[in-house]
Amino acid sequence: MTAPHQRVGVFGGTFDPIHHGHLAAASEVCAALGLDRMIVVPTHVQPFKQGEQVASDEHRLAMCRLAVADDPRFSVSSVDIDRGGTTYTVDTLRDLANANPGAQLYFMAGADALARLSEWKDAEELSTLATFVGVTRPGHSLGQLDTPHALVEVPAMAVSSTDVRRRVRAGAPIRYLVPSAVADYIAQHDLYAGGLDD
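Quick caveat: nothing in here was measured; it's all calculated off a predicted structure. (Residues numbered from 1 in each chain as written. Predicted model: local features only at pLDDT ≥ 70, side-chain atom pairs only at ≥ 80, totals over all residues. Heavy atoms only, no water.)

Visitor: A description of the nonpolar core should follow, citing residues and the corresponding values.
Guide: Core analysis: the largest hydrophobic core is formed by 38 residues, its most contacted members being Ile18, Val29, Met38, Val40, Met63, Met108 and Ile186. When residues of this core are traced back to their parent elements, those giving at least two are helix 1 (20–33), strand 2 (37–42), helix 2 (57–68), strand 3 (74–76), strand 4 (104–110), strand 5 (131–135), helix 7 (161–170) and helix 8 (180–188). When sequence neighbours within four positions are dropped, the list of residues in contact with Val29 reads Gly34, Leu35, Met38, Met108, Val133, Val135 and Val152. Listed in part, the 18 residues of the second largest apolar core include Val10, Ile39, Ala109 and Leu117. (Core = buried A, V, L, I, M, F, W, Y, C linked by side-chain atoms within 4.5 Å. Buried < 20%, exposed > 50% of the residue type's maximum accessible area, 1.4 Å probe, protein only. Helix = DSSP H or I, 4+ residues; strand = E, 2+ residues; numbered from the N terminus. Contact = heavy atoms within 4.5 Å.)

Put into structure tokens, the structure is as follows:
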């Protein structure tokens, strides 16, 4: 339960796996906007990733929890996984608003994705549930975006979940791209090594 009037970040994603780029972006948003805490929310099935093979909900949730375990600002919510079905941001925010009455929610998204916010499900309701925060990714300029939402520049860490999975399959090192506990978990559960993610 969150105390009323807290400023709470919401960071949704597949997190397959979560990596230092995700964590650096979330930390930067916390600092830039003076957030009290950040909730990491692994999706169940993203609308634009339907049919893609991803690690199981259980594995992705566990890796997120390991990744943020030593940062008291961060927590992990399983609301999207528990709900099942296709994950839509509007449902995530409704659930988190109900679970955190009185809190002001700030939803993080890539600035490029935020530029298409009008295309999201129930877009007209979204701005009543949260303040949207666009974060820059490597190769994207804030100046190219025409959006009324908050924008935060984050360190340009050129690491992606796709690259981490590719490196595991190739037998290349991933330590320092993901938290050590996540690297250990991937090795322990033999995730991503076989070409098809578990």
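Visitor: Can you tell me about the environment of Ala115, naming the residues and giving the values?
Guide: Mapped onto the fold, Ala115 is located in the loop between helix 5 (111–114) and helix 6 (123–129). In the structure, Ala115 is positioned 19 residues away from Gly134 in sequence and 8.5 Å away in space, judged by C-alpha atoms.

Visitor: Break down the packing of aromatic side chains for me, citing the residues and quoting the values.
Guide: Counting across every chain of the model gives 4 aromatic pairs. For the pair Phe107 and Trp120, a centre-to-centre distance of 6.3 Å together with 85° between the ring planes defines the contact as edge-to-face. Here Phe107, found in strand 4, pairs with Trp120, found in the loop between helix 5 and helix 6; they are 13 residues apart in sequence, far enough to count as distant. On the basis of relative accessibility, which here comes to 21%, the residue Trp120 falls in the partly exposed class. A centroid spacing of 5.4 Å and a plane angle of 50° characterise the contact between Phe107 and Phe132, whose relative ring orientation is tilted. (Phe/Tyr/Trp six-rings, centres within 6.5 Å; stacked < 30°, edge-to-face > 60°.)

Visitor: I'd love a proper account of helix 4 (residues 89–99), names of residues and values included.
Guide: Within the sequence span of helix 4, burial applies to Thr89, Val90, Asp91, Thr92, Leu93 and Leu96. Tucked into the core, helix 4 has its buried residues touching strand 1 (7–13), strand 2, helix 3 (79–83), strand 4, helix 6 and strand 5.

Visitor: Tell me about the pattern of salt bridges, and name the residues and values.
Guide: Across all of its chains, the model carries 11 salt bridges by this definition. Here Arg83 ties to Asp95 by a salt bridge, and the two come within 2.8 Å at their closest N and O atoms. A residue pair is termed long-range when its members are at least 10 positions apart, and Arg83 in helix 3 and Asp95 in helix 4 qualify at 12 residues. Given a relative accessible area of 29%, Arg83 falls into the partly exposed group. For Asp122, the salt bridge goes to Lys121, with nearest N and O atoms at 3.4 Å. The partly exposed category is assigned to Asp122, whose relative accessible area is 26%. Judged by relative accessible area, which is 37%, Lys121 ranks as partly exposed. Three or more residues are tied together by salt bridges with common partners; here these are Asp91, Arg94, Lys121, Asp122 and Glu125. (Salt bridge = Lys/Arg side-chain N within 4 Å of Asp/Glu carboxyl O.)

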